[in-house]
Amino acid sequence: MGRARSLVVLERGRPLRFTFADLMRHHGGGSPGGVAHAWTVLERGLPLIAPDGPPERREIVVRTAFGGPGARDGFELVTRAVTDGRYVVDPALARPERGFAMERFVFVLAHLGAAVTLAVRDGFVPGALIALARREPRSPDEERELDRLKLEMCRRVMAAPADAVYDASAGGA
């Protein structure tokens, strides 16, 4: 499920490398699809906001319409943006015109004046998963199905190149 590649950021000039397995361990595994999206957003976006080399992790700002815990934890491990107050869930970033499943999978990464907006491409967020995730309460069978769908989404996202999963445009939405 994890890619052999790593995400590299700097901590006061010192390189730190993170694998997908690192992000999953930090999160704990309850939302593997969200972790996969955070990984892929960072894999796609970091070179765009820091083209000359790894960015300073504590200078990265993350804004998103997606409030899932897996994504939050993935971004936190790599950037410490949650701890430092640079991680913002902003419902105004949602793009309802993209449809129920994809509307909240919009992320803005910024670093020292550079910014990129990343929006998930069609085929990586199943509508059935989103519908079930938003249903409360859920039966035990529905919880098992939701877990299956999350893992399936994780596998689909991680199997594709980052630029196939996320479209990128310069600037913050």
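*Asks:* Honestly, the overall build of the protein in this entry has me stumped. Any pointers?
*Replies:* The secondary structure content of the protein amounts to six helices and seven strands. Along the protein, helices and strands appear, N-terminal first, in the series β-β-α-α-β-α-β-β-β-α-α-α-β. Against the globule reference of 16 Å for 173 residues, the protein gives a C-alpha radius of gyration of 15 Å, in line with a compact fold. By principal-axis analysis of the C-alpha atoms, the protein measures approximately 50 × 35 × 30 Å. Partitioning the contacts of the protein with sequence separation of at least 6, the portion at a separation of at least 24 is 70%. Of the roughly 8,100 Å² of accessible surface on the protein, 53% is carried by carbon and sulfur atoms. Taken as two groups, the 25 positive and 22 negative side-chain charges of the protein have centres that lie 3 Å from each other.

*Asks:* What is the right way to look at the packing of aromatic side chains in this model?
*Replies:* For any two aromatic rings, the description comes down to two numbers: the centre-to-centre distance and the angle of the planes. Going through the model one piece at a time under the given rule, you end up with five aromatic pairs. Pairwise contacts between aromatic rings join Phe75, Tyr87, Phe107 and Tyr166 into one cluster.

*Asks:* Explain helix 1 (residues 20-27) here, please?
*Replies:* Every α-helix winds through 3.6 residues per turn, so residues three or four apart in the chain are directed the same way. For helix 1, every residue scored as buried is listed here: Phe20, Leu23, Met24 and His27. Down the axis of helix 1, the buried side of the element spans an arc of 100°, and every buried residue falls inside it. Turning to helix 1, the residues buried within the fold contact strand 2 (14-18), helix 2 (32-49), helix 3 (69-79) and helix 5 (140-159). A positive phi of about 105° marks glycine 28, the residue just after helix 1.

*Asks:* Help me understand the environment of glycine 13, please; the structure alone is not making it clear to me.
*Replies:* Tracing the sequence through the fold places glycine 13 in the loop between strand 1 (7-11) and strand 2. Here the alpha-carbon distance between glycine 13 and arginine 135, two residues 122 residues apart in the chain, equals 45 Å.

*Asks:* Would you explain the packing of helix 1 against helix 3 in this entry?
*Replies:* In the contact formed by helix 1 and helix 3, the axes pass within 9 Å of each other and the chain directions differ by 115°. Where helix 1 crosses over helix 3, the two elements pack in a sense that is right-handed. Of helix 3, the residues touching helix 1 (which contributes Asp22, Leu23, His26 and His27) are Pro69, Gly70, Asp73, Gly74, Glu76, Leu77 and Val78. Residues that form the contact of helix 1 with helix 3 fall into these classes: four nonpolar, four polar and three charged.

*Asks:* What is the right way to read the pattern of salt bridges from this model?
*Replies:* A pair can form between side chains of opposite charge whenever their charged atoms are brought close. In this structure the tally under the stated criterion is 18 salt bridges. Between glutamate 142 and arginine 135 there is a salt bridge; the shortest N-O distance is 2.5 Å. Taking relative accessible area as the criterion, glutamate 142 reaches 21% and is therefore assigned partly exposed. Here arginine 135 falls in the partly exposed class, since its relative accessible area comes to 38%. It is possible to trace a salt-bridge network through shared partners that takes in Glu11, Arg57, Arg58, Asp84 and Arg86.

*Asks:* Looking at this model, I keep getting lost on the pairing of strand 1. Mind explaining?
*Replies:* Regular strands place side chains that alternate from one sheet face to the opposite one. Extensive coverage of strand 1 is indicated by the burial of five of its five residues. Residues Leu7, Val9 and Glu11 point to one face of strand 1 and Val8 and Leu10 to the other, with burial holding for every one of them. Where strand 1 meets strand 2, five bridges bridge the pair, whose relative direction is antiparallel. The residue bridging valine 8 from the neighbouring strand is arginine 17, located in strand 2. What sits between strand 1 and strand 2 in their antiparallel hairpin is a turn of two residues, with arginine 12 showing a positive phi close to 50°.

*Asks:* What is the right way to look at the side chain of arginine 57 in this model?
*Replies:* The topology assignment puts arginine 57 in the loop between helix 2 and strand 3 (60-64). Of the polar contacts made by the side chain of arginine 57, one reaches the backbone oxygen of leucine 77; its length is 2.5 Å. What arginine 57 contacts, discounting residues up to four positions off in sequence, is Val9, Leu10, Glu11, Leu16, Phe18, Glu76, Leu77, Val78, Thr79, Arg80 and Arg86.

Scoring rules and cut-offs
- Residues numbered from 1 in each chain as written.
- Predicted model: local features only at pLDDT ≥ 70, side-chain atom pairs only at ≥ 80, totals over all residues.
- Heavy atoms only, no water.
- Helix = DSSP H or I, 4+ residues; strand = E, 2+ residues; numbered from the N terminus.
- Rg over C-alpha atoms; globule rule 2.2 N^0.38 Å.
- Contact = heavy atoms within 4.5 Å.
- Areas by Shrake-Rupley, 256 points an atom, 1.4 Å probe, with all protein chains shown as cover.
- Lys, Arg positive; Asp, Glu negative; His and termini not counted.
- Charge placed at Lys NZ, Arg CZ, Asp CG, Glu CD.
- Phe/Tyr/Trp six-rings, centres within 6.5 Å; stacked < 30°, edge-to-face > 60°.
- Buried < 20%, exposed > 50% of the residue type's maximum accessible area, 1.4 Å probe, protein only.
- Arc of directions from axis to C-beta.
- Axes fitted to C-alpha atoms, helices over the stretch in contact; angles between N-to-C directions.
- Left-handed = near helix turned anticlockwise from the far one by under 90°.
- Nonpolar A, V, L, I, M, F, W, Y, C, P; charged D, E, K, R; others polar.
- Salt bridge = Lys/Arg side-chain N within 4 Å of Asp/Glu carboxyl O.
- Pairing = 2+ DSSP bridges.
- Polar contact = N/O pair within 3.5 Å; in protein donor to acceptor, adjacent residues only side chain to side chain.

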